[in-house]
Amino acid sequence: MNRIVVLIALLILLPIFGLAAPFFISSNGGSPDLEAIGTLSHLWNYVLGAYISSTLLLVLGVGLGIFILGVGNAWIIASYDFPGKKVFEWALILPLAVPTYVMAYLFVDQLQFSGPIQTALRSWLEMSSLWFFPDPRSLFGAIWSFSFCLFPYVYLITRTAFMERSSRLMEVSETLGYSPLQGFWKLVLPMARPAIFAGMALALMEVLADFGAVSYFGVQTFTTGIFKAWLSFGDRLAAVQLALSLLGIVLLIFFIEQSSRSKLRYASASQTKSFPKYLRGKGAFLAFAFCGITLLCGFLLPASALIQLLLKQGLSMDIRYLSWLGNSVSVALVTASISVFLALFFAYAVRLQPSLSWVNRLLGFGYALPGAVLAIGILSILEIMQLAWWISASMMVLVYAYLVRFLSSSLQSVEEGLNRITPSMDQSAALLGFTQWQILKKVHIPLIRRSLMTAGLFVFVDVMKELPATLLLRPFNFDTLAVATYQLAADERLSELGLPALTIVLAGLIPVLVLSRMISRNQ
């Protein structure tokens, strides 16, 4: 049993080994070492510096943006009571339903020269051009879009940390002579620092994994470099080395996230219930304005822009839409089903053999793998084994990539469900003569049915939104909603992407609403 669990886990993580294979096996018969050194030297002299600088600027800018939006909204919702709070506390999660590449397309469409905002300003100011208006298709535009899409990662975790703080913490700060702002900076914020770092790490890993948004904004990051090296130049070693460089940055952020999560207990406090302070007048207006502007820019404006694009298109529908929808739903259903089965297999194996817990922690690394890095690892293995034709023959290579990427999310949900079942139930069932398989079938699965459905739902939606791995690994003539949306935007056919993009957003709303319902129950 133990060997089977370890073997399956290693097969799932095989793409990681595929990244190192080209350094030992050359596809053209040459020396892999000399070939790798020459490629790395070329990258360092010409493009690596630009990739590093633009990636770091993007990460720093988005980090600052999600810190302001996530921590600010979390502190307001957790500490104060004001008109509209009941709506904002769950509505501020809605931006998670909007993929970053969809936000990028809509941001540029609304703010470009021919967009409605600049057109209205030129008409109002009676000017032929707005020379002072920033270019939306720039690094700043990318930072803005990522910040408003990803701040809920920080908001969710930090809000919980703020609500679990000691109810007397601010009173202590007042006795020390601190103002409310000083008490926040010197007492509350340091206690919530592990939660803030954990949320920021999750969001920044999404930034590093993105391809659709950064390519549309024209920002040269490691992900766009990987696509250029593999698809444009056909340079396998260059793509692998860029993927390894990106993987190194992701590993660093992953380590920070894991370290922060292990310290989340420091953000907890006593069992005393905290009572938010009721705001009136100017304070209530400022709190409402901050949360309202965040929700407006993060969800309401993108959603209304998508609906506007859909209305412009009228009743006509691209004849390929049903094909895109069918491909997306089919591959998402297959992946979600297999993912739930594997998650149950690994979680139950660890329940029977706690010494195998390291396997599940290793599988948890999958969510940190950017889609482009994962795809390059799989393509490298297939090329070395001369099995690249599998990509064009079947969608199972794509399903395999999704499993590596998203198995950790379903595994976490199933593990939490099993952990709520006390060992005494297993012992009672064993006394009744049940085998381990019968205990799983008749006791565990009925009790964790909701966790299994939640695990499958989250994987389903993640697959619907995934773009980089799909672009590289999809079979010929197999376009999903995400790929179709990206291609329409790349062709500047924004009026036609309303329906596929809105479908992705509506699918993303399902787990967000489930999550908001779970939060409301725990309050």
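Calculation criteria
- Residues numbered from 1 in each chain as written.
- Predicted model: local features only at pLDDT ≥ 70, side-chain atom pairs only at ≥ 80, totals over all residues.
- Heavy atoms only, no water.
- Helix = DSSP H or I, 4+ residues; strand = E, 2+ residues; numbered from the N terminus.
- Contact = heavy atoms within 4.5 Å.
- Salt bridge = Lys/Arg side-chain N within 4 Å of Asp/Glu carboxyl O.
- Buried < 20%, exposed > 50% of the residue type's maximum accessible area, 1.4 Å probe, protein only.
- Phe/Tyr/Trp six-rings, centres within 6.5 Å; stacked < 30°, edge-to-face > 60°.

Draft legend 1. A look at the side chain of Ser408. When you line up the elements, Ser408 lands in helix H20 (residues 396–419). Ignoring anything within four residues of it in the chain, the contact list for Ser408 reads Leu363, Gly364 and Tyr367.

Draft legend 2. The pattern of salt bridges, seen in detail. Under the defined criterion, the tally for this structure stands at 5 salt bridges. Between Arg159 and Glu89 there is a salt bridge whose closest N-O contact spans 3.6 Å. Of this pair, Arg159 sits in helix H8 (residues 139–163) while Glu89 sits in helix H5 (residues 85–91), and the two are 70 residues apart along the sequence. You can call Arg159 buried: its relative accessible area is 4%. With a shortest N-O distance of 2.8 Å, Arg493 and Glu496 are connected by a salt bridge. Overall, the relative accessible area of 30% leaves Arg493 in the partly exposed class. Several salt bridges share partner residues, and in doing so they unite Asp491, Arg493 and Glu496 into one network.

Draft legend 3. Up close: the packing of aromatic side chains. One pass over the full model with this rule turns up 14 aromatic pairs. Pairing Phe107 with Trp144 gives two aromatic rings, centres 6.3 Å apart and planes at 35°, and the pair type is tilted. Note that Phe107 is positioned in helix H6 (residues 100–111) and Trp144 in helix H8, a separation of 37 residues in sequence. Note on Phe211 and Phe227: the rings are 3.8 Å apart at their centroids and 15° apart in plane angle, and the pair reads as stacked. With Phe211 in the loop between helix H11 (193–209) and helix H12 (212–217) and Phe227 in helix H13 (residues 222–232), the pair connects residues that are 16 residues apart, well separated along the chain. Here Phe211 matches Phe227 in class, with each residue buried.

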